[in-house]
Amino acid sequence: MTFAAGLYAQNDTERAGAKLFQRHCASCHGTAGGGKKAPSLTIEKVRTASRDQLAEILRNGVVGKGMPSFARLPEQQREQIIAWLRRSQP
Amino acid sequence: MAGCIPQRLRSWTPRCAWLILAASLSSLRAGEGPYFVTYSHYMEEPGNLEVGFINSLGRPDQGNRFFNNLAELEYGVKTWWTSELYLHGQSTRHDSTVFTGFRFENRFRLLRTEHWINPVLYVEYENINGADRSLKEIVGSDGQDDLRTPNDEARRERKHEVEAKLILGSSFKGWTIAENFIAEKNLGHEPFEFGYAVAVGRPLALAARPDPCRFCRENFSVGLEAYGGLGTHEHFTPRGASHYLAPTVAWALPGGTTFRVSPGFGLTGSSLPFLLRFGVSYEISQFGQKIERMFR
């Protein structure tokens, strides 16, 4: 299963999340989330992460590893990104 | 072309043309928000370079109209460290166009995670002359009297100043709230001067639309900032200083360009009656990496 942005987004929330991912995350994590300067988001650890775990990372960033905080995005937009990241979870 | 331009404007055209051209080129501003004076606690993304121009237009009472331009380069050094370089210039009607100096800023985020209140330490060195009209911050008893001096006389005054700000920022239900406390010292035996800037802002829509869009509400932010002087360490008071209230609007396009505008209203007799600020910025993602690759 590919992780291409927008592909398999099943509802408006996931499509919005895909759009936000392209705008804010793809430059580091790759257009399809496969990794670039930053780690791949298709790995098992990310794909099975809980909503709360992903929310924590987006809000605080990972300062020691170069990921900035995305607290500047409204919480609703962070939730949309999380919905798209988790959309392929069982 | 010259025949189409009224005589009284022709003398302006050559002097202002480069400034207007510069203002029409892309990008800018620091602090990640719709504000021009207040800094929020948000840092520039590491490796990203934001390039832009901030412009201000004003006229002191019984003085000449001026147009000030700041060219800005803002770079995310680390997730917790952002650096900025500003180049200053201004053009005053019936006077001249002058380069007025530069400033170098650094902001350091002090806490690793988000909290109710997030502190950021700001330190700056500026080397400008007395003709500067940027009003980038208001400290001490800065007022419109300082803006009436002819450029030729004003530029002879050199100012080497260091400044520190305590930036406090919060995010709450889509609102960004920022407070800045400013302390500035002219290294030439002047007293410490103090000032403040506070702001609130919010996007027009908190959730994004599913389809790509340019004019949708999520791309617009509005805010309100207030800033002014607080006197010196010898006489700490807001009285006699200039104070401003300024609504702000920002429009962020998906490709990294942001437009900003803010009409500022002077609240005291020493304030400019009106100050219009506007600017454009463009963010270059992963600029640091691109430069690194060029030298490998």
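Keep in mind that what you see is a predicted model, and the values were worked out from it rather than measured.

J.: Please explain the pattern of salt bridges as it appears in this structure.
T.: Residue and element names in this part refer to chain B. Enumeration over the complete set of coordinates arrives at 16 salt bridges over all chains. Put simply, lysine 165 and glutamate 163 hold a salt bridge, and the shortest N to O gap is 2.8 Å. Summarising the burial analysis for this pair, lysine 165 and glutamate 163 share the class buried.

J.: Would you mind showing me how to read the side chain of asparagine 60 of chain A here?
T.: Tracing the chain through its elements places asparagine 60 of chain A in helix H4 (residues 51-60). Judged by relative accessible area, asparagine 60 of chain A falls into the buried class, the value being 6%. In contact with asparagine 60 of chain A, not counting residues within four places along its chain, are Ser69 of chain A together with Arg112, Thr113 and Glu114 of chain B.

J.: Would you take a moment to explain the confidence of the model for chain A for this structure?
T.: The predicted structure's coordinates, where accompanied by low pLDDT, should not be read in detail. Residue and element names in this part refer to chain A. Averaged over every residue, the pLDDT of chain A is 85; the share at 70 or more is 87%. Here helix H3 (residues 44-47) is the element of chain A with the lowest mean pLDDT, 81, and H4 is the one with the highest, 95. pLDDT under 50 marks residues 1-5. Its contacts with residues more than four places away, or in other chains, come to 21 contacts.

J.: How should the state of the cysteines be read in this particular structure?
T.: Covalent bonding between the sulfur atoms of two cysteines defines a disulfide. What the rule picks out here adds up to 1 disulfide over all chains. One disulfide in the model links cysteine 213 of chain B with cysteine 216 of chain B; its S-S distance is 1.9 Å. Classification of the bridge connecting cysteine 213 of chain B and cysteine 216 of chain B rests on its S-S torsion, roughly 65 degrees, and on that basis the disulfide is right-handed. We classify cysteine 213 of chain B as buried; its relative accessible area is 12%. Judged by relative accessible area, which is 5%, cysteine 216 of chain B ranks as buried. In this model cysteine 25 of chain A remains outside any disulfide bridge; the closest cysteine sulfur is found in cysteine 28 of chain A, 8.7 Å from its own.

J.: Is there a simple way to think about the interface of chain B and chain A in this case?
T.: Counting residues at the interface gives 30 residues for chain B, matched by 25 residues for chain A. Regarding the contact of chain B and chain A, the summed buried area is about 2200 Å², with carbon and sulfur atoms giving 53% of it. Taken together, the links from chain B to chain A amount to 2 salt bridges. A salt bridge links glutamate 45 of chain B to arginine 72 of chain A; its shortest N-O distance comes to 2.5 Å. At the junction of chain B and chain A, the tally comes to 12 residue pairs in polar contact (both at pLDDT 80 or more).

Rules used throughout
- Residue positions are given per chain, counting from 1 as you read along its sequence in written order.
- Written order determines the labels here, with chains lettered from A and ligands numbered from 1.
- Whole-chain, interface and lining totals are the exception, using all residues; otherwise, since this is a predicted model, local features are given only for residues with pLDDT of at least 70 and side-chain atom pairs are given and counted only at 80 or more.
- Note that water and hydrogens are dropped before the side-chain values are worked out from all heavy atoms of the structure.
- Whenever Lys or Arg places a side-chain nitrogen within 4 Å of a carboxyl oxygen from Asp or Glu, that contact is recorded as a salt bridge.
- Burial here depends on accessible area, computed with a 1.4 Å probe over protein chains only, as a share of the maximum for the residue type. Under 20% is buried, over 50% is exposed, and the range in between is partly exposed.
- In this text, helices come from DSSP runs of H or I with a minimum length of four residues, and strands from runs of E with a minimum of two, each type numbered from the N-terminal end.
- When checking whether two residues touch, look at their non-hydrogen atoms; a contact exists if any pair is within 4.5 Å.
- Here pLDDT means the predictor's own confidence in every residue, given as a number from 0 to 100.
- Whenever a pair of cysteine sulfur atoms sits within 2.5 Å, that pair is classed as a disulfide.
- For any pair of parts, buried area is found by adding up, for both, the accessible area (1.4 Å probe) each one loses once the two are put together.
- The term polar contact refers here to a pair of N or O atoms within 3.5 Å; inside protein, the definition further demands a hydrogen-donor-capable atom paired with an acceptor-capable atom, and it admits residues adjacent in sequence only when both atoms are side-chain atoms.

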